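Understanding the architecture of this molecule
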Amino acid sequence: MTRRWLDVVFSSRPELRPARALLSPTWLGALAVLAANDHLLKGAGLLPGVLTGKLSDFAGMIVAPALLAALLGVTSRRGLLHCHIAVGLVFALINLSPACADAWSWLMGLVGFPWTITVDPTDLLALPALALGWRVLVPAMRPAAAPVSSVSLSRWPTRPEFGVAALGSLLCVATSDTTDGGEGDWGDEGGLFYQDFQGDVYLHNSHAEQDIVVRVRDLLPEVEIDCFNVQSKPGVLFSEALFGEGQTWSIPPGANVPARGDIDRVTRECYAVLVTSDSIPPTVLFWNADDISLDWIPGQHDAEGQYGPGAVELTADDDGRAAIADSQRPIVFPQRDPGENAYLPGSDAARVAWSNPPSGLHRITELALGSDGCAAFDFDDGLQRFYFCTPLTELPFEAGQYVSVEDQGDLLVLSRAPDPNDPAPVGQVQVAASRGNNLPSISDATIAAKPVFDTEIGPDLACGTVAQPQEFSAEFGGEIVRFKPGDKVELDDGAHHLTIYGVHAERRVILLPECAEGPDTLGDDLELVYVWTASQQQP
């Protein structure tokens, strides 16, 4: 049964006229959805942007294969299958590969229909519509007047079929994934007129003849920015890890396109986009929202006096190599390395950590300290093994003793406790690990952290985190000491002995929370461990 079905699908027998399907209600309906969605619904606010972004994809998967087959004069199921595969392959590549999206945008620009493509793998949800189009349209492609074997098939469309094929071709190549400014309308004089759009910073092609293809990438929506502390060196501090897939523009001479595509989705105090092309090195455009406000930008202009405050002027040389020529505000910052001596965020591998804390009083049956710095506690009440990972090379506890475990969220305290069956007092012993935005409170001691400002900073390339280093200070027993992450200090006031291990001390100014460890907000990222015992001074 399966082999018979495959034989039918891969048949090379001339039995189809795909042009017939172009007059079917299904194909014309899909074409109407494609036209209405791209030229009326997108950006009108009548339907959610997520829906309008997918309608064209589904309609296109029905329209394009039959149209391609009709234009190529295909007459067999095998040829029709190849058309479906070609459409699906191109659609998948431009939604998975920025390089393929760039190439397709360039190709569309050559034929006078500039595209912008948002690389969005979720668009591949439309691929099953290829199978739907096959099932519905193949019957419409078969001549109905006589058995297939006795019909002489004409490869090419009739006049009515050619008319809808031309209209379908125009609508397919004049479509775009954008809601503003990505597609053109034919003006009264036959020239291409580019729609006005709402935006702040925008790209303008000032070249008289050359189309310019560029790629712009918005910041990921989750990225948090301390705008004041990053404005001095945006080209250094904004790394590629912070930006999304982006979209590609093919910009004709005189045309304008928005620099960022998240106008309707993201509101910030400051914005950054990454601009690249074959000849433009990665460049960050960075601006404060108060400096360049949202406004209506004309789809095209030529005179220099028409430039808005957010204009970034692009040009190209005789070989077609694009470049950023100028900007109306100082918002252009080529990406560059921070330098060999720049401070990069500390390794997340060295952080304190612990497993689910078993709060309450427990008797230790076994305690093992591994070479990785993680202590494994086994308790006599059958609880799951508890792990406590810190820089401590030894712990002031041992098997047979009781400990009280106090879980305060970002502070975990382990305290020596007396045996419930033996009320004899035990020495005061406490070990605590702290992580998060705040430092722990220790009796008779003051712990603080202060940023180190006289140092260059750079991004963590994996997550894009940018942080200012901090140093700790501790006051205890009349003594004040300063120490950095990785340091150990010991203080004694004659009654108690305090040992502190600095683990992590930063103030973050750029953060992608889902990627980086530590607190999910900007600001302090502090970790330390302390051991509190009786004084070690001789009486």
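Here's what I pulled together on the structure shown here. (Residues numbered from 1 in each chain as written. Predicted model: local features only at pLDDT ≥ 70, side-chain atom pairs only at ≥ 80, totals over all residues. Heavy atoms only, no water.)

Side-chain direction in a regular strand flips from residue to residue, so the side chains alternate between the two faces of the sheet. Residue alternation in strand β5 (residues 202-205) divides its side chains into two sets, Y202 and H204 and L203 and N205, and both sets are buried. Relative to strand β9 (residues 256-258), β5 runs antiparallel, the two sharing three bridges. Looking at the pairing, H204 lines up with N256 of β9. Sheet topology note: the β5/strand β13 (residues 311-316) ladder contains four bridges and is parallel. (Buried < 20%, exposed > 50% of the residue type's maximum accessible area, 1.4 Å probe, protein only. Helix = DSSP H or I, 4+ residues; strand = E, 2+ residues; numbered from the N terminus. Pairing = 2+ DSSP bridges.)

Taken together, the side chains of I85, L89 and L93 present a nonpolar region at the surface, about 270 Å² in accessible area. Structurally, the position occupied by L89 is in helix α5 (residues 77-96). (Patch = residues over 30% accessible without salt bridge, like charges linked within 9 Å, V, L, I, M, F, W, Y side chains within 5 Å. Areas by Shrake-Rupley, 256 points an atom, 1.4 Å probe, with all protein chains shown as cover. Salt bridge = Lys/Arg side-chain N within 4 Å of Asp/Glu carboxyl O.)

What follows covers the state of the cysteines. One pass over the structure, following the stated rule, counts three disulfides. Through a disulfide, C227 is tied to C270; the S-S separation comes to 2.0 Å. Because the torsion about its S-S bond is -85 degrees, the bridge between C227 and C270 counts as left-handed. Residue C227 is found in helix α9 (residues 227-230), and its partner C270 is found in strand β10 (residues 270-276); the two are separated by 43 residues along the sequence. Considered together, C227 and C270 belong to a single accessibility category, that of buried residues. Through a disulfide, C374 is tied to C389; the S-S separation comes to 2.0 Å. Around the S-S axis, the bridge from C374 to C389 shows a dihedral of about 110 degrees and counts as right-handed. Here C374 is found in strand β18 (residues 374-379), whereas its partner C389 is found in strand β19 (residues 386-389), with 15 residues between them in sequence. Given a relative accessible area of 16%, C389 falls into the buried group. Among the cysteines of the protein chain that take part in disulfides, numbered as they appear in the sequence, the pairing is 1-2, 3-4, 5-6. (Disulfide = S-S within 2.5 Å.)

Right, let's get into helix α7 (residues 128-141). The first and last C-alpha atoms of α7 sit 20 Å apart over 14 residues, in line with the 20 Å expected at 1.5 Å per residue. Where α7 bends most, at R135, the angle is about 30 degrees, and the proline P139 comes one to four residues later. Within α7, the full set of buried residues consists of A129, L130, G133, W134, L137, V138 and M141. (Expected span 1.5 Å × (residues − 1). Bend = angle between axes of the 7 residues up to and from the residue.)

Across all of its chains, the model carries seven aromatic pairs by this definition. With a centroid separation of 5.6 Å and 35 degrees between ring planes, the pair formed by F238 and F286 is classed as tilted. Of the two residues, F238 is situated in the loop between α10 (234-237) and β8 (247-251) and F286 in strand β11 (residues 283-288); the sequence distance between them amounts to 48 residues. What makes F238 buried here is its relative accessible area of 1%. Ring plane angle 25 degrees and centroid distance 5.2 Å describe the contact between F472 and F483, whose orientation is recorded as stacked. In this pair, F472 sits in strand β24 (residues 466-476) while F483 sits in strand β25 (residues 479-483), placing the two residues 11 residues apart along the sequence. Here the two residues F472 and F483 agree in accessibility, since each one is buried. One aromatic cluster is present, built from ring pairs that chain together F377, F379, F386 and F388. Just above the ring of Y271 sits the side chain of R260; from NZ or CZ to the centre is 3.7 Å. The cationic tip of R435 hangs over the ring face of W354; the distance from NZ or CZ to the ring centre is 3.7 Å. (Phe/Tyr/Trp six-rings, centres within 6.5 Å; stacked < 30°, edge-to-face > 60°. Lys NZ or Arg CZ within 6 Å of the ring centre and 35° of its normal.)

Here the focus is the sheet that holds β13. Reading across from one edge, β9-β5-β13-β14 is the order of the four strands in this open sheet, with mixed pairing throughout. Looking at strand neighbours, the two that pair on one side only are β9 and β14 (322-327), the edges of this open sheet. Neighbour-to-neighbour, the strand axes of the sheet open up by a mean angle of 30 degrees, direction not taken into account. Both β13 and β14 contribute to a ladder of five bridges, which runs antiparallel. Looking across to β14, one finds that A316 is bridged to A322. (Axes fitted to C-alpha atoms, helices over the stretch in contact; angles between N-to-C directions.)

Before going further, it helps to spend a moment on the pattern of salt bridges. Going through the model one piece at a time under the given rule, you end up with 11 salt bridges. Between D525 and R351 there is a salt bridge, and its shortest N-O distance comes to 2.7 Å. Of this pair, D525 sits in strand β28 (residues 523-534) while R351 sits in the loop between β15 (332-334) and β16 (353-354), placing them 174 residues apart in sequence. Note on R351: relative accessible area 12%, which makes it buried. Across the pair D525 and R508 runs a salt bridge, and its minimum N-O distance is 3.7 Å.

The next subject is the pairing of strand β20 (residues 402-407). Pairing between strand β17 (residues 360-369) and β20: four bridges, direction antiparallel. Bridge pairing in β20 links R363 to Y402. Alignment of β20 against strand β21 (residues 411-417), held across six bridges, turns out to be antiparallel. Bridge pairing links S404 to S415 in β21. As consecutive antiparallel partners, β20 and β21 are separated by three residues, and within that stretch G409 has a phi angle of approximately 85 degrees, a positive value.

The next subject is the nonpolar core. Among the nonpolar cores identified, the biggest contains 30 residues, and L22, W27, M61, A66, L80, L137 and M141 are the most heavily contacted of them. Of all the elements in the fold, those that place two or more residues in this core are α2 (18-21), α3 (25-41), α4 (49-72), α5 and α7. Top contributing element to this core by residue count: α4, with nine residues. Residue contacts for A66: discarding those within four places in its chain leaves P18, L22, W27, L137 and M141. (Core = buried A, V, L, I, M, F, W, Y, C linked by side-chain atoms within 4.5 Å. Contact = heavy atoms within 4.5 Å.)

Glancing now at the side chain of R268. Summarising the element assignment, R268 is placed in the loop between β9 and β10. The buried charged residue R268 lacks any salt bridge partner; its closest oppositely charged side chain belongs to D262, at an N-O distance of 5.1 Å. Engagement of the side chain of R268 in a polar contact is seen with the backbone oxygen of L220, the distance being 2.9 Å. Residues in contact with R268, not counting those within four places in the same chain, are L219, L220, P221, V223, I225 and A289. (Lys, Arg positive; Asp, Glu negative; His and termini not counted. Polar contact = N/O pair within 3.5 Å; in protein donor to acceptor, adjacent residues only side chain to side chain.)

Any functional reading would require information beyond the geometric quantities listed.
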